[in-house]
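As a plain string of letters, each chain reads:
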Amino acid sequence: MRGTRAAQRYAKAILSLAKDKKAADAVEKDMQTILKTVTNSRDLENMLTSPVVRNSIKKSALLEIFKNLDNVSKGAIDILIENGRINILHIVARQYIIQYNEMNNVRQAVVTTAVPLDSELEAQVLAKVKELTGSKATLKNIVDEDIIGGFILRVGDLQYDASVARNLSRLKRELKDNTYVSKF
Amino acid sequence: MAEVNPAEVSAILKQQLSGFESKASLDEVGTVLNVGDGIANIYGLANAQYGELVQFESGLEGIVLNLEEDNIGVVLLGPAKEIKEGSTVKRTQRIASINVGEGIVGRVVDTLGAPIDGKGPIEGETFEMPLERKAPGVIYRQPVTEPLQTGIKSIDAMVPVGRGQRELVIGDRQTGKTTVCIDTILNQKEFYDAGEPVYCIYVAVGQKASTVAAIAKTLEDKGALAYTTIVAANASDPAPMQVYAPFAGAAIGEYFRDTGRPALIVYDDLSKQAVAYREVSLLLRRPPGREAYPGDVFFLHSRLLERAAKVIADDDIAKQMNDLPESLKGKVKGGGSLTALPLIETQAGDVSAYIPTNVISITDGQIFLTSDLFNSGVRPAIDVGISVSRVGGSAQIKSMKKVAGTLKLDQAQYRELEAFAKFGSDLDAATMNVIEKGKRNVEILKQGQNDPYPVENQIAIIYAGSKNLLRDVPVDKVKEFEMEYLDYLNAKHRDTLDTLKAGKLTDEVIDTLTSVAKDLSSKYKK
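Remember, it's a predicted structure, so these values are computed and weren't measured experimentally. (Residues numbered from 1 in each chain as written. Chains lettered and ligands numbered in written order. Predicted model: local features only at pLDDT ≥ 70, side-chain atom pairs only at ≥ 80, totals over all residues.)

Trainee: With reference to specific residues and values, describe the pairing of strand S5 (residues 71–76) of chain B.
Mentor: Residue and element names in this part refer to chain B. Of all six residues that make up S5, five are buried, and the element is covered over most of its length. Both strand S2 (residues 39–44) and S5 contribute to a ladder of five bridges, which runs antiparallel. The residue of S5 that forms the bridge with Ala40 is Val74. With five bridges connecting them, strand S4 (residues 61–67) and S5 associate as antiparallel partners. Along S5, the bridge assignment pairs Ile63 with Val75. (Buried ≥ 20, exposed ≤ 12 C-beta atoms within 10 Å, placed from the backbone. Helix = DSSP H or I, 4+ residues; strand = E, 2+ residues; numbered from the N terminus. Pairing = 2+ DSSP bridges.)

Structure below.
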């Protein structure tokens, strides 16, 4: 992803500073807010990436939008603006959350299901995550009817696919792959 | 259309479904960042290895060729049409490899070993052979000593190829490079029939599907498909498939080589493979060098051709060979060989281009085909003056070595004097003698397509030519004489030919050959 490399370094620095100031949790909340706001608002993202908008305007707008930020977060926005890197703000926020979770050994699990999960199923899924990765997880549920049934659990780079759609597509492939048909 | 038997249909369906398990899978996955031109960049898959196969949602596979800090570059082994940005890619934990077994003989497969000839799955036990494998080390090799009979008179006599050798076949388009190699494959039928097959692998890179089909048909018609495997990456296949096809062929060859059997592999042709590799490299943004080829195009060919080898005869040493695939351990036998005949197409006879010079320097000699000779009717159009075999000499059978010893020199003298002959007839007798003999030798060395000669026949006719026994035969009757002479020898003097085949050239044999040739040639005397 574009800017990921730079974002990783900024996130690392922010996290390290926040830890020293014992504000890591507060900054994490800020970053969640920033990530959510920026990704949900196309206008805001456009403004941040636009080279036409002056840095001072970007800064005042950001301070207006995010009023109750921790000092570390404010400092982070300052330094990003100063270095001309404010366009990757949301990527920095995402990387911060990833690194924060890594530090606390908490991972985000994304569960895709055909129907919304109830709390009992959620508990079962969390147990499965624990079994697969051995770490705690926060759960995010995506409802996608295309998978027909079952679920797809993804934790970081690991994916546990128990969906009906996958089995069907595999079956289709296996039937299509006919070695009794000449291909040249 | 043949009638379809319902029982057969259900049997095939059942077979296809028998391997199907509806189990959930736990995979390492990444996300496609961008895709285009047969290359995909993938975010995640932090543990993927170089050369590993990855699988896309559609079932399409790719090979990991670039490992960067936060993404990996993958070349796709098929059309990219179903891949979208954001779709998942999973590791297969498998280094690109091909499943080889006895059942692969007689089949046409693609780069990944999947049969494409419509004859059903590969039968029998298969062994997973990696496409990229290090060549055997020095200790596990031995010098080339046995001949690989090509069945082509001018090659077997003057540029002999030994088992385990790498002999380049080079020439312009339409000079008969493929024909030379196909004839060599056809000539191995003799050994197949005798129960000591030389397993042949024909790798077609970037050729028309119709050409490959025609070659498959020729081999089948002549009964050569029984010991031959065709690996095809046609012109319409993606560039990575074409790059890896020779490696797949080498992996198949190594299976035979390491199980103690002789194998012959034809790479048709490596210039197209280099072009495909250039395409892949440029798309992966690797810096271009001379003729826009990447810097490691030499290594691409050297590591491929280095895998052709004669393995040491000692089983115990052979068993410890380096980089043996897990699947093959315990099956290794010594004494096997892999002979490689790489082909290179030159542009307008330019051998000093990048790829030809590279491959010339890697191989143990070259067979040079020229369009001038081809057009003047000398076919196979082998230019013996600049064709060499650096190691094959020690592999030639004794009788052939004795008979053909002077042939190359004679022909060199003839070509030198040939120019004079064109100006007039005022030449002394000795010169005329050389020219007349040379003309007849050229006729003798001509040979039809798909018409390989057994070695004893070659020796018999070359003996007649080099001893100038054909001086009474007019040049345009040499072919006629040759046929008559060989038919007569085969019918009446089989024992003489058998002695020649065994590598002996006794006085008795010489007497027989001389008297038969003299008798027959007197008929042509005016």
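Trainee: Explain the nonpolar core to me, and be specific about the residues and the numbers.
Mentor: The biggest cluster of nonpolar side chains holds 144 residues, and the ones touching the most others in it are B:Val74, B:Ile185, B:Val203, B:Ile265 and B:Ala460. Of the residues forming this core, the biggest block, 12 residues, is contributed by helix H6 (residues 239–258) of chain B. When near neighbours in sequence (up to four residues on either side) are disregarded, B:Val74 contacts B:Ala40, B:Ile42, B:Val54, B:Gly62, B:Ile63, B:Val64 and B:Leu65. Judged by nonpolar contacts, the second largest core, of 25 residues, contains A:Ile77, A:Leu80, A:Tyr96 and A:Tyr100. (Core = buried A, V, L, I, M, F, W, Y, C linked by C-beta atoms within 7 Å. Contact = placed C-beta atoms within 7 Å.)

Trainee: So what about the interface of chain A and chain B? Which residues, and what values?
Mentor: In this complex, chain A contributes 22 residues to the contact, which on the side of chain B involves 32 residues. Of the residues assigned to the side of chain A that touches chain B, the class counts are 10 nonpolar, five polar and seven charged. Here four bridges tie strand S4 (residues 158–163) of chain A to strand S1 (residues 25–36) of chain B, and the two strands are oriented antiparallel to one another. From the neighbouring strand, A:Gln159 faces S1(B), where its bridge partner is B:Asp27. (Nonpolar A, V, L, I, M, F, W, Y, C, P; charged D, E, K, R; others polar.)

Trainee: Please set out the sheet that holds strand S8 (residues 108–109) of chain B residue by residue, giving values where relevant.
Mentor: To summarise the sheet geometry, strands pair through backbone hydrogen bonds and adopt either a parallel or an antiparallel arrangement. Residue and element names in this part refer to chain B. In spatial order, the strands read S8-S12-S11-S13-S14-S10-S15-S16; together these eight strands make up an open sheet with mixed pairing. Strands with a single pairing partner mark the edges of an open sheet, and in this sheet they are S8 and strand S16 (388–389). Helix-sheet contacts for helix H10 (residues 354–362) involve strand S10 (168–171), strand S14 (337–345) and strand S15 (365–369), and the interaxial angle to S14 is about 160°. (Axes fitted to C-alpha atoms, helices over the stretch in contact; angles between N-to-C directions.)

Trainee: Run through helix H16 (residues 478–492) of chain B, naming residues and quoting values.
Mentor: Between its terminal C-alpha atoms H16(B) stretches 21 Å, which fits the 21 Å expected from 15 residues at 1.5 Å a residue. The secondary structure elements touched by the buried residues of H16(B) are helix H14 (429–445), helix H15 (455–466), helix H17 (494–501) and helix H18 (507–522) of chain B. (Expected span 1.5 Å × (residues − 1).)

Trainee: Please provide a residue-by-residue account of the confidence of the model for chain A, values included.
Mentor: For chain A, the mean per-residue pLDDT works out to 87, and 99% of the residues sit at or above 70. By mean pLDDT, the top-scoring element of chain A is helix H2 (residues 24–40) of chain A (91), and the lowest-scoring one is helix H7 (residues 119–133) of chain A (84). (pLDDT = per-residue confidence, 0-100.)

Trainee: Please give an account of the domain arrangement of chain A that cites residues and values.
Mentor: One can read the domain layout of chain A as domain 1 (4–102) and domain 2 (106–176). Each of domain 1 of chain A and domain 2 of chain A was reduced to a C-alpha centroid, and the two centroids are 31 Å apart. (Domains from an automatic or database assignment.)

Trainee: Talk me through helix H5 (residues 71–82) of chain A; I want residue IDs and the actual numbers.
Mentor: All names here are of chain A. Under the 1.5 Å per step criterion, the end-to-end length of H5 is 16 Å for 12 residues, consistent within 8% with the ideal 16 Å. Among the residues of H5, those classed as buried are Ser73, Ala76, Ile77 and Leu80. Each buried residue of H5 lies within a common arc of 95° when the element is viewed along its axis, so the set occupies one face. On the buried face of H5, the contacting elements are helix H1 (4–20), H2, helix H4 (55–65) and helix H6 (89–103). (Arc of directions from axis to C-beta.)

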